[in-house]
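Here's the letter readout for the chains.
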There are 2 protein chains.
Amino acid sequence: MTVRQTDTKEEILRLGTEFIQVYGYNAFSYADISKELDIKNAAVHYHFPGKEDLLAGIIDQYIQRYKELGTKINTPGMTAKQKLDIFISRYTDLCEQNKICIIGSVCSDYNTMPESVKAKLGELIEMVLGMVEKVLQQGKRSGELNFPETARVKSLLIMTNLAAGVQLARITGKKDYIAICKSIIDQIST
Amino acid sequence: MTVRQTDTKEEILRLGTEFIQVYGYNAFSYADISKELDIKNAAVHYHFPGKEDLLAGIIDQYIQRYKELGTKINTPGMTAKQKLDIFISRYTDLCEQNKICIIGSVCSDYNTMPESVKAKLGELIEMVLGMVEKVLQQGKRSGELNFPETARVKSLLIMTNLAAGVQLARITGKKDYIAICKSIIDQIST
DNA sequence: AGAAATACTTACTACTTAGTAAGTTACTTT
DNA sequence: AAAGTAACTTACTAAGTAGTAAGTATTTCT
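What counts as what
Residues numbered from 1 in each chain as written. Chains lettered and ligands numbered in written order. Predicted model: local features only at pLDDT ≥ 70, side-chain atom pairs only at ≥ 80, totals over all residues. Heavy atoms only, no water. Least-squares fit on C-alpha atoms with pLDDT ≥ 70 in both. Contact = heavy atoms within 4.5 Å. Salt bridge = Lys/Arg side-chain N within 4 Å of Asp/Glu carboxyl O. Helix = DSSP H or I, 4+ residues; strand = E, 2+ residues; numbered from the N terminus. Buried < 20%, exposed > 50% of the residue type's maximum accessible area, 1.4 Å probe, protein only. Near = heavy atom within 4 Å. Polar contact = N/O pair within 3.5 Å; in protein donor to acceptor, adjacent residues only side chain to side chain. Nonpolar A, V, L, I, M, F, W, Y, C, P; charged D, E, K, R; others polar.

Overlaying chain A on chain B yields an RMSD of 0.0 Å, the required transformation being a rotation through 180° with an accompanying axial translation of 0.0 Å. Expressed as a symmetry operation, the mapping of one chain copy onto the other fits a two-fold axis. When the interface residues of chain A are mapped onto chain B, 100% of them are again interface residues, pointing to one common binding face.

Moving on to the pattern of salt bridges. Scanning the entire structure with this criterion turns up 14 salt bridges over all chains. In this structure, A:E115 and A:K118 form a salt bridge, with 3.5 Å as the shortest nitrogen-oxygen distance. A residue pair is termed a helical-turn pair when its members lie 3 or 4 positions apart in one helix, as A:E115 and A:K118 do in helix α7 (residues 115-141) at three residues. Residue A:E115 is classed as exposed on the basis of its relative accessible area, which comes to 56%. The class of A:K118 is buried, set by a relative accessible area of 16%. With a shortest N-O distance of 3.2 Å, B:R152 and B:E126 are connected by a salt bridge. Of this pair, B:R152 sits in helix α8 (residues 151-172) while B:E126 sits in helix α7 (residues 115-141), placing them 26 residues apart in sequence. Three or more residues are tied together by salt bridges with common partners; here these are A:E126, A:R152, B:K175 and B:D176.

Residues in close proximity to DNA strand C total 18 residues, the closest being B:S29, B:Y30, B:H45, B:G50 and B:K51. In DNA strand C, atoms within 4 Å of the protein come 69% from sugar and phosphate. B:K51 is positioned with one of its backbone polar atoms (N or O) 3.0 Å from a phosphate oxygen of DNA strand C. Put simply, the parts of the chain that give the surface near DNA strand C at least two residues each are α3 (41-47) of chain A together with α2 (30-37) and α3 (41-47) of chain B. Counting residues per element, the surface near DNA strand C draws most heavily on α3(A), at four residues. Per-class residue counts for the surface near DNA strand C are nine nonpolar, seven polar and two charged.

Taken together, 19 residues lie near DNA strand D, and A:S29, A:Y30, A:H45, A:G50 and A:K51 sit nearest. A breakdown of the atoms of DNA strand D within 4 Å of the protein gives sugar and phosphate a share of 71%. Within the side chain of A:S29, an N or O atom sits 3.2 Å from a phosphate oxygen of DNA strand D. Between a phosphate oxygen of DNA strand D and a side-chain N or O atom of B:H47, the distance comes to 3.1 Å. Of all the secondary structure elements, the ones that give two or more residues to the surface near DNA strand D are α2 (30-37) and α3 of chain A together with α3 of chain B. For the surface near DNA strand D, the leading source of residues is α3(B), giving four residues. Of the residues belonging to the surface near DNA strand D, the class tally is nine nonpolar, eight polar and two charged.

Below, the structure is given as structure tokens:
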């Protein structure tokens, strides 16, 4: 039962996530993190020996957060539409902060990553897609939502719209992202 | 009327494009290019003084190619569906070579780029979206295609499906990309 | 109180990065 | 034939990169 002496490790994870979302994985260095936190780069290496370890830690944290979201979503009395809105709002938040989804960001550099990280990334994606699929399935069964595709394929369509939507918004502006979100909702509404 | 002494410049552009599509913009160096072409890194700097110039050249070439595609597409006797298939096949080719769209790739590193490159990227995207929009409009008018959204929004939806689809395929496999393509076609078919 | 673990800093190394200045070769123009 | 230009190479620099070994202060365990 340690009391918590430091939150340096969590700050490193926070900053690492932010840098990936804002500048990309191969565009930031341990020096960027240490400068920002006013510590030495060796301190970053202490918590995460290599940059790959940091990336693995960031993805693990992401997986953890989505697991918590899954628990939250399984609260009874929530409609499928409300659940889906929670997923969409995650991307809307990113868009408003001029960030992009770490999955999309890391995907560009995917081929420069070790197998261990690739596996973790696969786990994260399958988890998110699975969660959205379940929500869509629930909505379809209850008659709340309507779409011609299978729930799996529809989750692929929606998630690709959102992921590339925030990327596009960086270049063409937020109005395009907003239009995409509106269409996603319209498409599945009965 | 120069005869063409060298194709080094074009080879650099070709390799640069490939590196961006395979590893990402901030993950390759001038040394990677010079090694591959068996020249010195100074030779790369001769043709493209800075990495930003190389990126600008790559995007310019992409814009040029899409312009040529636009001309090709304006050939009479081509259905809207055939035209759209040409756009889709570009992404399918990428997917098969385990590459991703340069727009999506570069987007991760967008905030590390100079304004001149950002502007070029905007030009490229608006051009592609505009072309797809026109094709969709034509198809809708002629009754060949059917969709509830505006042509502009539908082009956003389709292009985000494709762009993120090839990204996703890297991680979860090509079957997901294929399912996405099938759905795109199904959605707009009358 | 002493030992051990935690969370660092100091000080460094080996390597890679983009980038440049000056020289070389070969072809083209006048 | 001379001058100029294009397309390089040679040889380098300054800055940044990930990463490490050894030391220090502080807390925790026994």
